[in-house]
Amino acid sequence: MVEEPSGEVVPAALPEHHFRQSVARGLSGRLLVLTVIFVMIAEVLIFVPSVANFRNVWLQGHLDTAEAASIVYLDDSGIMLSQEAQEHLLMATRSLQVSIRDGSVSRLMASGPAPGPVTEHISLGTMQPMSTLRSAFSTLLFGGERVYHVSGPMKSGDAAIELVQEDKYLRNAMLNYSRNILLISLVISLITAGLVFLALYWLIVRPIIRISSNMDAFSQHPEDTALVYRPTGRGDEIGIAEARLSSLQKDLQATLRQKQHLAELGLAVSKINHDLRNILASAYLFSDRLTGVADPTVQRLAPKLVKTIDRAVEYTRSVLAYGKAVERPPELRKHRLHALVEEVGETLLVEKPDHVDWRNTVPGDLEVSCDWENLFRAILNLCRNAVQAMETLPEDGRQLSLEIAANTTSRGTTIRIADTGPGVPEAAREKLFTAFQGSAKSGGTGLGLAIASELVRGHGGSIELEETGPQGSVFRIDLPAGGGQPAIEAPGK
Ligand SMILES: Nc1ncnc2c1ncn2[C@@H]1O[C@H](COP(=O)(O)OP(=O)(O)O)[C@@H](O)[C@H]1O
Ligand SMILES: [Mg+2]
């Protein structure tokens, strides 16, 4: 990567050392070697039959030469060739003896120095391919000082030409031929390998290097949008990998942004919480003084004010103490649910419009094992949402209601919070209980239901939207019997 003067990080052109590295150790280097090996193997497969064929052609050539000379001899039947002519013939055919066999009669046409013992009889035209191969390799590997006898039918007539030859000439010719084949093979394989290498380097290795250096750069600065991989638009497997990488990086950046947002929010909440505590402490002192005022309204509201501020101080304290996003673990005791719901009603009293009926139909003797503060907050959140939703309805004289009901079975207690509001908007339904995701109203945080759900789950219970529609919504809280833990009888409540 190159650090530009502007500070922006841009992908550098592929550096030279990348090329050398990848040839030496990488994919393309290995492919280069493999291609050379494969082409050589193919050449060997071609070489084996072709060297045997070469040998046959060589032998046939000399038989043909002898046959051409024999025409003179046959015309002149009975007369021996002159010594000089014989020597010429022997030279031309690289033979020690040339003879013509007609049926069982063999006539010597030319002969030079006495040949050593003949080790092989080769009869051209009648040999099987396998034995041709074997005999060719025997010449190539072990020949050089042997003498063989070769015969082949003449083109005209029934007679056959026979030669006795030292195999050194044949062997030398074959070695020459092999050397040429080897050289040609090497050249072909190098050219092929080079082309294959270049093609692969261009098509595969280079893009892979590009992708992996982008990965390196991205992992160093995952928040930098300029580093998101730009796919080249290829349609093949590498193109698909490029597109996936790119979308993966985009997803990762979105997640990172969200995480960062949450972290900043957490810090902000901690700061607010910290100073709010002090402010609330002063408010608490002021409202405490109000209890001394004789006015009956003040007398009725002041204790509620004190209690509410007290509660707020307690929340800020517990949030600071338990920090993070985790709620204080519930302290389970047996409480009368009716009284708890009544307190929710009193707290809501001030915000609730007059045309909303508050109905607490929880049986007076119904007891639940719960943490008073936590369950209070959960139900308060649900009720406040209901009131807020109903406030959005146009006032058409219709009486609205918010009813809290509960019943107990052997499995636990079910609490229903039913309103006659407009119903939960479609957009909010899917992630209703996920923090920051469920809000569908402006100014909403999407935290209320997430908090309620967490508090209820702390009791081992669950919360769900049971019904919703234009006629209203019902939220249901299920608390397990005994709250999952033995409840302690609460003193006084
Ligand atoms: N009783 C209800 N009636 C209609 N809509 C509701 C009701 N309760 C919750 N909602 C919808 O669910 C959303 C999420 O609620 P909540 O988690 O408390 O977040 P917030 O109140 O901050 O928006 C609300 O914005 C609202 O649109
Ligand atoms: Mg809310």
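Because the structure is a prediction, the values reported are computed rather than measured.

Analysis parameters
- Residues numbered from 1 in each chain as written.
- Chains lettered and ligands numbered in written order.
- Predicted model: local features only at pLDDT ≥ 70, side-chain atom pairs only at ≥ 80, totals over all residues.
- Helix = DSSP H or I, 4+ residues; strand = E, 2+ residues; numbered from the N terminus.
- Buried ≥ 20, exposed ≤ 12 C-beta atoms within 10 Å, placed from the backbone.
- Contact = placed C-beta atoms within 7 Å.
- Near = placed C-beta within 6 Å.
- Nonpolar A, V, L, I, M, F, W, Y, C, P; charged D, E, K, R; others polar.
- Core = buried A, V, L, I, M, F, W, Y, C linked by C-beta atoms within 7 Å.
- pLDDT = per-residue confidence, 0-100.
- Expected span 1.5 Å × (residues − 1).
- Pairing = 2+ DSSP bridges.
- Axes fitted to C-alpha atoms, helices over the stretch in contact; angles between N-to-C directions.
- Arc of directions from axis to C-beta.
- Parallel < 35°, antiparallel > 145°, perpendicular 65-115°, else oblique.
- Left-handed = near helix turned anticlockwise from the far one by under 90°.

### Digging into the overall build of the chain
Each helix and strand in the chain was counted, giving 11 helices and 15 strands. With 493 residues in all, the chain has 22% of them scored as buried. Across the chain, the fraction of contacts at a sequence separation of at least 24, relative to all contacts at a separation of at least 6, is 67%.

### Notes on the site of ligand 1
Near ligand 1, the surroundings consist of 22 residues, among which Asn385, Ser439, Gly444, Gly448 and Leu449 are the closest. Here the residues of the shell around ligand 1 are counted per class, giving 10 nonpolar, 10 polar and 2 charged.

### Let's talk about unusual backbone geometry
With a phi angle near 50 degrees, arginine 94 is a residue other than glycine that sits in the positive phi range. Tracing the backbone shows arginine 94 in the loop between helix H3 (83–92) and strand S3 (97–102). According to the C-beta neighbour criterion, arginine 94 is partly exposed, with 17 such atoms within 10 Å.

### Here we look at the nonpolar core
Ranked by size, the top nonpolar core spans 37 residues in total, and within it Ala378, Ile379, Leu382, Cys383 and Ile417 carry the most contacts. A per-element tally of this core places helix H9 (residues 372–391) first, with 9 residues. Not counting residues up to four positions away in its chain, the partners in contact with isoleucine 379 are Val341, Val344 and Ile417. Within the second largest apolar cluster, 17 residues are counted, among which are Ala66, Ala69, Leu89 and Tyr148.

### Considering the confidence of the model for the chain
Overall, the prediction assigns the chain a mean pLDDT of 85, with 90% of residues at 70 or greater. Across residues 1–13 the pLDDT falls below 50, and counting only partners more than four positions away or on other chains, this stretch makes 17 contacts in the model. Taken together, the stretch residues 486–493 has pLDDT below 50 and engages in 14 contacts with residues farther than four places along the chain or on a different chain.

### Examining helix H4 (residues 129–142)
Over its 14 residues, H4 extends 20 Å from the first C-alpha to the last, a length consistent with the 20 Å expected when each residue adds 1.5 Å. Glycine 144 sits one or two residues past H4 and shows a positive phi near 125 degrees.

### Some remarks on the sheet that holds strand S4 (residues 105–111)
Across the sheet, 5 strands lie side by side as S4-S3-S7-S6-S5; this open sheet has mixed pairing. Each having just a single partner strand, S4 and strand S5 (118–123) make up the two edges of the open sheet. Across the sheet, the mean angle separating the axes of adjacent strands is 20 degrees when strand polarity is ignored. Along the sheet, H3 contacts S3 and S4; its crossing angle with S4, the most-contacted strand, is approximately 95 degrees. Most of the contacts of helix H5 (residues 167–220) go to strand S7 (residues 160–166), to which it runs at about 85 degrees, and overall it touches strand S6 (147–153) and S7.

### With respect to helix H8 (residues 337–348)
Between the first and last C-alpha of H8 there are 17 Å, a value that for 12 residues agrees with the 16 Å anticipated at 1.5 Å per step. Within H8 the residues assigned to the buried category are Leu337, Leu340, Val341 and Val344. Taken down its axis, H8 places every buried residue within 95 degrees of arc, on the same side. Tucked into the core, H8 has its buried residues touching strand S8 (333–336), strand S9 (356–360), strand S10 (367–370), H9 and strand S11 (400–409).

### Considering the environment of isoleucine 272
In this structure, isoleucine 272 sits in helix H6 (residues 237–290). Each C-alpha atom of the pair isoleucine 272 and threonine 316 lies 9.4 Å from the other, and the pair is 44 residues apart in sequence.

### Examining the packing of H8 against H9
H9 packs onto H8 with a crossing angle of 50 degrees between their chain directions and a minimal axis gap of 9 Å. By the angle between their directions, the pair H8 and H9 is classed as oblique. Relative to H9, the crossing made by H8 is right-handed. Here H8 contributes Leu340, Val341, Glu343, Val344, Thr347 and Leu348 to the contact with H9, which in turn contributes Trp372, Leu375, Phe376, Ile379, Leu380, Cys383, Arg384 and Val387. Of the residues that constitute the contact of H8 with H9, the class distribution is 11 nonpolar, 1 polar and 2 charged.

### Considering the sheet that holds S11
What the 5 strands build is an open sheet, ordered S9-S11-S12-S14-S13; its pairing is mixed. At either margin of the open sheet sits one strand with a lone partner, and together these are S9 and strand S13 (462–469). Looking at each pair of strands side by side, their axes are set apart by 15 degrees on average, direction ignored. Examined bridge by bridge, S9 and S11 share 5 bridges and lie parallel to one another. Bridge pairing links asparagine 360 to isoleucine 404 in S11. Seen against the sheet, H8 touches S9 and S11 and runs at an angle of roughly 160 degrees to S9.

### A word on the pairing of S11
Across 8 bridges, S11 lies against strand S12 (residues 412–419) in antiparallel orientation. Bridge assignment links threonine 409 to a residue of S12, and that residue is glycine 412.

### Comments concerning the environment of serine 111
Take serine 111: it is sitting in strand S4. On the basis of neighbour count, serine 111 is assigned to the partly exposed category, with 16 C-beta atoms found within 10 Å. For the pair serine 111 and leucine 90, spaced 21 residues apart in sequence, the C-alpha to C-alpha distance is 7.2 Å. Beyond its immediate chain neighbours, meaning those up to four positions away, serine 111 contacts Gln86 and Gln97.

### Considerations on the environment of proline 303
Topologically, proline 303 is positioned in helix H7 (residues 296–322). Counting along the chain gives 13 residues from proline 303 to leucine 290, while the straight-line C-alpha distance between them is 8.8 Å.

### Focus on the pairing of S12
Each regular strand displays side chains that alternate between the two surfaces of the sheet. Counting the residues in the hairpin turn of S11 and S12 gives 2 residues. Across 8 bridges, the pairing between S12 and strand S14 (residues 472–480) is antiparallel. Paired with alanine 418 across the two strands is valine 474, which belongs to S14.

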